[in-house]
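What the coordinates show
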Amino acid sequence: ELVTSLEMWLGSERNLLDETSQHCHQLKLPHPVLTDEELERIRRIDVGGLKASTISTLFRPADGPGSMEKALDRVCQEAAQAINKGNAIIILSDRGLDADHAPIPSLLSTSAVHHFLIREGLRMKVGLVVESGEPREVMHFAALVGYGAGAINPYLALESIRHLAESDVLSTSMGCEEAEEHYIKAIHKGVVKVASKMGIST
């Protein structure tokens, strides 16, 4: 922890060889795991050129073979359009699941958008946030960060923890907020451990 930081920056990184006041227009996060409330703040942000756009990563399996690939192409094109409209943060969301819609796996959607934007020369203009029910364990968060995510909202894990706290299933009588804080702290420690084992330092 002395040499590894979990700080993340969201927004346009601009030209790395230049230094202007515009370079400061980024959102500094102390860590990559976001609560539902923190994500909603980011979703509504509109300050100093920082605006966020939400893109659904759901698709209809009933559309037949190739439906997920078409959905991936749509997500990538919508990401490029969002950047061209001035958005500096893109939220890839799999909320809204129902009997007709399935989520594109979060690692696949994150990496697809990341590499598409690199090919289009747009990657440095935007920060990626993943809003997904998939991430639960340290490995999931470390992999998503490695695949290009700047922040992650594990809404299903957080909702499950709140449910456990409210149902008195947890061994201690902690409240929802405290249980959520413990989970996020554990994920942070795990991600730092993964980074340090890989030789990654600040």
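Residues numbered from 1 in each chain as written. Predicted model: local features only at pLDDT ≥ 70, side-chain atom pairs only at ≥ 80, totals over all residues. Heavy atoms only, no water.

Remarks on the packing of helix α2 (residues 67-84) against helix α3 (residues 106-119)
Between α2 and α3, the least distance of the axes is 10 Å, while the angle of their chain directions is 50°. With respect to each other, α2 and α3 are oriented oblique. The two elements α2 and α3 cross, and the hand of that crossing is right-handed. Between α2, through M68, L72, V75, C76, Q77, A79, A80 and I83, and α3, the contact on the second element is made entirely by L108, S109, A112, V113, F116 and L117. Residue composition of the contact of α2 with α3, grouped by class: twelve nonpolar, two polar and no charged. (Axes fitted to C-alpha atoms, helices over the stretch in contact; angles between N-to-C directions. Helix = DSSP H or I, 4+ residues; strand = E, 2+ residues; numbered from the N terminus. Parallel < 35°, antiparallel > 145°, perpendicular 65-115°, else oblique. Left-handed = near helix turned anticlockwise from the far one by under 90°. Contact = heavy atoms within 4.5 Å. Nonpolar A, V, L, I, M, F, W, Y, C, P; charged D, E, K, R; others polar.)

Points about the confidence of the model for the chain
Detailed reading of predicted coordinates is not advised where the pLDDT is low. For the chain, mean pLDDT is 92; residues scoring 70 or higher make up 97% of the total. Mean pLDDT in the chain bottoms out at strand β3 (residues 46-47), which sits at 87, and peaks at strand β9 (residues 151-154), which reaches 98. (pLDDT = per-residue confidence, 0-100.)

Some points on the environment of S12
The residue S12 is located in the loop between β1 (8-10) and β2 (27-29) in this model. Separated by 115 residues in the primary sequence, S12 and G127 have C-alpha atoms spaced 6.8 Å apart. The residues touching S12, leaving out its near neighbours within four places in the chain, are Q26, A88, M124, K125 and V126.

A closer look at the pattern of salt bridges
Any two side chains of opposite charge can pair, on the condition that their charged atoms come close. Following the criterion strictly, the structure yields eleven salt bridges and no others. Among the salt bridges present, the one from R162 reaches D36, with a minimum N-O distance of 3.1 Å. One end of the pair, R162, is in helix α5 (residues 155-166); the other, D36, is in helix α1 (residues 36-43), with 126 residues separating them in the sequence. Relative accessible area serves as the criterion here: at 23%, R162 is assigned to the partly exposed category. Look at D36 and you get partly exposed, because its relative accessible area is 22%. A salt bridge links R60 to D63; its shortest N-O distance comes to 3.5 Å. Taking the relative accessible area as the measure of exposure, R60 reaches 36% and is therefore partly exposed. Judged by relative accessible area, D63 falls into the exposed class, the value being 52%. (Salt bridge = Lys/Arg side-chain N within 4 Å of Asp/Glu carboxyl O. Buried < 20%, exposed > 50% of the residue type's maximum accessible area, 1.4 Å probe, protein only.)

Considerations on α3
If you check α3, its first and last C-alpha atoms are 20 Å apart, about what 14 residues at 1.5 Å a residue would give, namely 20 Å. Among all positions in α3, only S106, S109, T110, S111, A112, V113, H114, F116 and L117 are buried. Elements in contact with the buried residues of α3: α2, β6 (89-93), β8 (127-132) and α4 (138-146). In the stretch just after α3, G121 is the one whose phi turns positive, near 75°. (Expected span 1.5 Å × (residues − 1).)

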